[in-house]
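Summary of structural features
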Amino acid sequence: MTIPVPLARGPRRGLPPTHFADLTLSEVKNKMRELGMPAFRADQIARHYYGRYEADPLQMTDLPTGIREAVKDALFPQLLSPVRYIEADGGATQKTLWKSPDGTVLESVLMRYSDRATLCISSQAGCAQACPFCATGQLGIQRQLSAAEIVEQVRVAASTMEKGEMEGGPGRLSNVVFMGMGEPLANYKRVLRAIRQITAPIPQGFGISQRHVTVSTVGVAPAIRRLADEDLAVTLAISLHCPDDELRNTLVPANNRWPLADVIDAAKYYADRTGRRISIEYAFIRDVNDQLWRADMLGQLLHRELQQMAHVNLIPLNPTPGSEWDASPRDRQDAFVQHVRAQGVTCTVRDTRGQDIAAACGQLAAEEK
Ligand code: SAH
């Protein structure tokens, strides 16, 4: 099955050269043979990369000095460089703006909580989905990210945690969410490769639990079904934002292509195949989608179609510059939660992080441009 990729609105530049993290371990072994090196070198490199978060072959001291340069040239081209770091929430939130050699900019955000550390990563530079409340949606798409560009965001954050370069001392990166820039299911093959490498046990990958990886989507229904058949246990989050097609067509333009019934049907299939509860995201926007009748309608829809397999996450809108929209008041938020729950569907309000550092999806990259 081929997944239709939404048309790019901006120029589409080429992907970076192949990197170690684009490849599976067996592909790296083949590469080693091509280079005239024994295949076991692949395992050595993989232990450095996935086990110690080391991506510079010159530092891989168990490789013979004579081959370190060759490995670097063949498998470790320069990918992302950090151009800005911003901290918030007393250092418990760290946002990084990355730039690739072709000038592409993207963001990732590391958030530390008492019981976990979550990294929010980008899957595309920019986004073609054009959701009007989202800063990335206003940027348009620059290009797809390679699997290695996705994996590298994770490696660097895992290293930051391990070295204790974040408030709270050394720890472990436990969760990864595809909630940064881009629509992950519109970059399907590379995102899937990245997921496998993020979750495979060391030395094939970082060994992060599949259940602790969340793929968030506007609702690319055919790709949701395809993901359901991949034999993975990752969490699926759907950016519903609205229980009716008319408003959703404007809030999430992809709805014109895959309307609610199709999206919910795909979500059901995902829940059936994986046994995983679907996370339903609802950006809460004052006087736009915050009516209590919509809460009732949302609760009824989800209870009818997914029963206990849906959980609603209310995200108070993080206003983007130039937009007239803002978050609904707190009392409306509380009432909305109660109305959804009254229909038998669990509902919580997402903790908002980094509001003071323009952490809304794509905001920092928009400023940089
Ligand atoms: N393209 C994917 C993932 C990226 S955004 C998707 O749409 O799901 C991750 C989540 O943040 C989505 O639910 C998105 O709708 C939401 N979001 C984007 N901009 C926001 C803002 N300004 N305030 C609150 N939530 C926002």
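Residues numbered from 1 in each chain as written. Predicted model: local features only at pLDDT ≥ 70, side-chain atom pairs only at ≥ 80, totals over all residues. Heavy atoms only, no water.

Looking only at helices and strands, the protein chain has 12 helices and 12 strands in total. In summary, the protein chain has a C-alpha radius of gyration of 21 Å against a globular reference of 21 Å for 369 residues, a match within 12%. For the protein chain, the spread of C-alpha atoms along the three principal axes comes to 70 × 40 × 40 Å. Here the protein chain, with 369 residues, has 58% of them falling under the buried criterion. For the protein chain, long-range pairs separated by at least 24 residues make up 68% of all intrachain contacts whose partners lie at least 6 apart in sequence. Here the protein chain has roughly 15100 Å² of accessible surface; of this, 48% comes from carbon and sulfur atoms. Side chains of the protein chain give 42 positive and 42 negative charges; the mean places of these two sets differ by 5 Å. (Helix = DSSP H or I, 4+ residues; strand = E, 2+ residues; numbered from the N terminus. Rg over C-alpha atoms; globule rule 2.2 N^0.38 Å. Buried < 20%, exposed > 50% of the residue type's maximum accessible area, 1.4 Å probe, protein only. Contact = heavy atoms within 4.5 Å. Areas by Shrake-Rupley, 256 points an atom, 1.4 Å probe, with all protein chains shown as cover. Lys, Arg positive; Asp, Glu negative; His and termini not counted. Charge placed at Lys NZ, Arg CZ, Asp CG, Glu CD.)

Put simply, the second largest pocket is a space of about 300 Å³. In this structure, the second largest pocket is lined by 16 residues; those nearest its centre are Ala55, Gln78, Leu79, Glu152 and Arg155. Element by element, the count of residues in the lining of the second largest pocket is highest for helix H5 (residues 147-162), at four residues. The residues that make up the lining of the second largest pocket include at least three from each of domain 1 (20-76) and domain 2 (81-357). (1 Å grid on protein atoms, 1.4 Å probe; cavity = no way out; pocket = protein on both sides within 12 Å on 5 of 7 lines; lining within 4 Å. Points joined across faces, edges and corners; volume = space filled by probe spheres on them. Domains from an automatic or database assignment.)

Attention now moves to the domain arrangement of the protein chain. When the parts of a complex come together, some accessible area is lost, and that lost area is often used as the size of the interface. Annotation of the protein chain at the domain level lists domain 1 (20-76) and domain 2 (81-357). Contacts between the two partners involve 14 residues from domain 1, matched on the other side by 16 residues from domain 2. Summing the contributions of domain 1 and of domain 2, the shared interface buries around 1400 Å²; its carbon and sulfur component is 57%. Its largest share of buried area at the contact with domain 2, domain 1 owes to Asp22, Tyr50 and Tyr53, together 51% of the area lost on that side. Taken together, the connections running from domain 1 to domain 2 amount to one salt bridge. Residue Glu27 is joined to Arg193 by a salt bridge in which the shortest nitrogen-to-oxygen separation is 2.8 Å. Here domain 1 and domain 2 share eight residue pairs in polar contact (both at pLDDT 80 or more) between them. Broken down by secondary-structure element, the contributors of at least two residues to the side of domain 1 that touches domain 2 are helix H1 (25-34) and helix H2 (40-52). (Buried area = accessible area lost by both parts, 1.4 Å probe. Salt bridge = Lys/Arg side-chain N within 4 Å of Asp/Glu carboxyl O. Polar contact = N/O pair within 3.5 Å; in protein donor to acceptor, adjacent residues only side chain to side chain.)

Let us now look at the packing of H1 against H2. Closest axis-to-axis distance for the H1/H2 pair is 8 Å, and the angle between their directions is 130 degrees. In terms of their interaxial angle, H1 and H2 are classed as oblique. In this structure, H1 meets H2 at a crossing whose hand is right-handed. Along the contact surface, H1 presents Leu25, Val28, Lys29 and Met32, while H2 presents Arg41, Ala42, Asp43, Ile45 and Ala46. (Axes fitted to C-alpha atoms, helices over the stretch in contact; angles between N-to-C directions. Parallel < 35°, antiparallel > 145°, perpendicular 65-115°, else oblique. Left-handed = near helix turned anticlockwise from the far one by under 90°.)

Turning to the site of the ligand, a few remarks are in order. In the vicinity of the ligand there are 18 residues, among which Gly182, Ser216, Ser239, His241 and Asn318 approach most closely. Measuring from an oxygen atom of the ligand, one finds a side-chain N or O atom of Ser239 at 2.5 Å. Measuring from a nitrogen atom of the ligand, one finds a backbone N or O atom of Asn318 at 2.8 Å. In the complex, the protein chains occlude 93% of the 530 Å² of accessible area that the ligand would expose alone. Broken down by class, the residue content of the shell around the ligand amounts to eight nonpolar, eight polar and two charged. (Near = heavy atom within 4 Å. Nonpolar A, V, L, I, M, F, W, Y, C, P; charged D, E, K, R; others polar.)

Take the sheet that holds strand E7 (residues 175-178) next. Spatial strand order, E1-E2-E3-E4-E7-E8-E9-E10-E11-E12: 10 strands in an open sheet with mixed pairing. The open sheet has two edge strands with one neighbour each: strand E1 (81-88) and strand E12 (346-349). Geometrically, the sheet is characterised by an average inter-axis angle of 20 degrees between neighbouring strands, direction not taken into account. Here three bridges tie strand E9 (residues 235-239) to strand E10 (residues 278-284), and the two strands are oriented parallel to one another. (Pairing = 2+ DSSP bridges.)

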